[in-house]
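Listed below, chain by chain, are the residues.
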Amino acid sequence: MQLVVGRIGRAHGIRGDVSVEVRTDEPELRLGPGAVVLTDPASAGPLTVESGRVHSGRLLLRFAGVKDRNAAEALRGTLLISEVDPDESPEDPEEYYDHQLIGLDVVLSDGTPVGELTEVVHLPYQDLLTVKKADGTEVLVPFVSQIVPTIDLENQRAVITPPAGLIDPERAEVAGSAAAEAPEGAAEGAQEDSPDGADGDSQGGEK
């Protein structure tokens, strides 16, 4: 099975280095020195990783045969693809390959169906799960344990505990309306209870 593990960005420097948008939880394995990756378009590869380093939070790779900035810039936008055994799983039991997740039924903790997991979006700060609901609309669910506590591959489902409004925006509107209808003077009362001279905003800002 072929999995997209990265996307080449802009050239860095003059010696052939390129920035890479990582799309794998195992970059040291899939994109480490010596790794051979296929490409899309196929005409750009295969490529062999010669060296790699992290610079300002970005992964920089140098590929064998790519010796200057022009050659590196020519690879911009190329997808990097690894061959993976379909039965292979990550060493960390809390991690999953994209193909293991795509197609799972997404349900709430009480069993209420939400939709189907159709895509895993890899961003620099976190991963997101694209869930297609029964009405055809899509929602993005942060792939963190607080919101996605259970991935049950045996039963082909993902259990989520989304905050109000994530799946059903109308619930967020209702919550917002309730806050807006708080009794008048509530904020003033809180201000009166503060110690003389205290500024509530500055106190909160220091936490």
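Everything that follows concerns the structure shown earlier in this document.
Below you will find a few notes about this structure. (Residues numbered from 1 in each chain as written. Predicted model: local features only at pLDDT ≥ 70, side-chain atom pairs only at ≥ 80, totals over all residues. Heavy atoms only, no water.)

**A short note on unusual backbone geometry**
Note: most peptide bonds trans; most residues except glycine with negative phi. Spelled out, the test is: Numbering goes from the N terminus for both helices and strands, where a helix is a DSSP run of H or I of at least four residues and a strand is a run of E of at least two.
Backbone torsion omega between Asp40 and Pro41 reads 10°, so that peptide bond is classified as cis. Position of Pro41 relative to the elements: it lies in the loop between strand 3 (36-40) and strand 4 (47-55). Geometrically, the link from Gly45 to Pro46 is a cis peptide bond, its omega value of 0° lying close to zero. On the secondary structure map, Pro46 appears in the loop between strand 3 and strand 4. A positive phi angle is found at Ser56, which is not glycine, with a value near 55°. By the secondary structure assignment, Ser56 is in the loop between strand 4 and strand 5 (58-63). Backbone geometry at Gln156 places phi at a positive 55°, although glycine is not the residue there.

**Topic: the side chain of Ser19**
For clarity, the threshold we go by: Think of it in three bands: with a 1.4 Å probe and only protein chains considered, a residue is buried below 20% of the maximum accessible area for its type, exposed above 50%, and partly exposed in between. Working rule for contacts: check all heavy atoms of both residues, and any pair within 4.5 Å makes them a contact.
Positionally, Ser19 belongs in strand 2 (residues 17-22). Residue Ser19 is classed as buried on the basis of its relative accessible area of 8%. If we ignore the near neighbours within four places in the chain, the residues touching Ser19 are Arg7, Ile8, Gly9, Arg10, Arg58, Leu59 and Leu60.

**Notes on the sheet that holds strand 11 (residues 150-152)**
What counts is decided by this rule: When DSSP finds at least two bridges between two strands, those strands are taken to pair. Note on method: axes are straight lines fitted to C-alpha atoms, helices fitted across the in-contact stretch only, with angles between N-to-C directions ranging 0 to 180 degrees.
Read across the open sheet, the 6 strands follow the order 10-9-8-7-12-11; overall the sheet is mixed. Each end of this open sheet is capped by a strand with a single partner; those strands are strand 10 (138-142) and strand 11. Neighbouring strand axes in the sheet, compared pairwise and without regard to direction, differ in orientation by 35° on average. Pairing of strand 8 (residues 113-122) with strand 9 (residues 127-133), which is carried by 7 bridges, proceeds in the antiparallel orientation. Along strand 9, the bridge assignment pairs His122 with Asp127.

**Observations concerning the sheet that holds strand 2**
If you walk around this closed barrel you meet the 6 strands as 1-2-5-4-3-6, and the pairing is antiparallel. Across the sheet, the mean angle separating the axes of adjacent strands is 50° when strand polarity is ignored. Looking at chain direction, strand 4 and strand 5 are connected through 6 bridges and run antiparallel. Looking at strand 5, one finds that Val54 is bridged to Leu59.

**Some points on the pairing of strand 8**
Sheet topology places strand 7 (residues 105-108) next to strand 8; 3 bridges connect them, and they run antiparallel. Bridge pairing links Val107 to Pro113 in strand 8. The loop that links strand 7 with its antiparallel partner strand 8 comprises 4 residues; one of these, Gly111, has a positive phi angle of about 95°.

**Re the pairing of strand 7**
Here 4 bridges tie strand 7 to strand 12 (residues 157-160), and the two strands are oriented parallel to one another. Pairing of Val107 across the sheet is with Val159, part of strand 12.

**Some thoughts on the side chain of Lys133**
Here is the rule: In this tally Asp and Glu are treated as negative and Lys and Arg as positive; neither His nor the chain ends contributes. Any Lys or Arg side-chain nitrogen located within 4 Å of an Asp or Glu carboxyl oxygen qualifies as a salt bridge. Residues adjacent in sequence count toward polar contacts only when both atoms are side-chain atoms; beyond that, a polar contact is any pair of N or O atoms within 3.5 Å, and within protein one must be able to donate a hydrogen and the other to accept it.
By the element assignment, Lys133 lies in strand 9. No salt bridge is formed by the buried Lys133; its nearest oppositely charged neighbour, Asp135, is found at 4.5 Å. Of the polar contacts made by the side chain of Lys133, one reaches the backbone oxygen of Ile167; its length is 2.9 Å. When neighbours within four sequence positions are excluded, Lys133 is seen to be in contact with Val114, Gly115, Val139 and Ile167.

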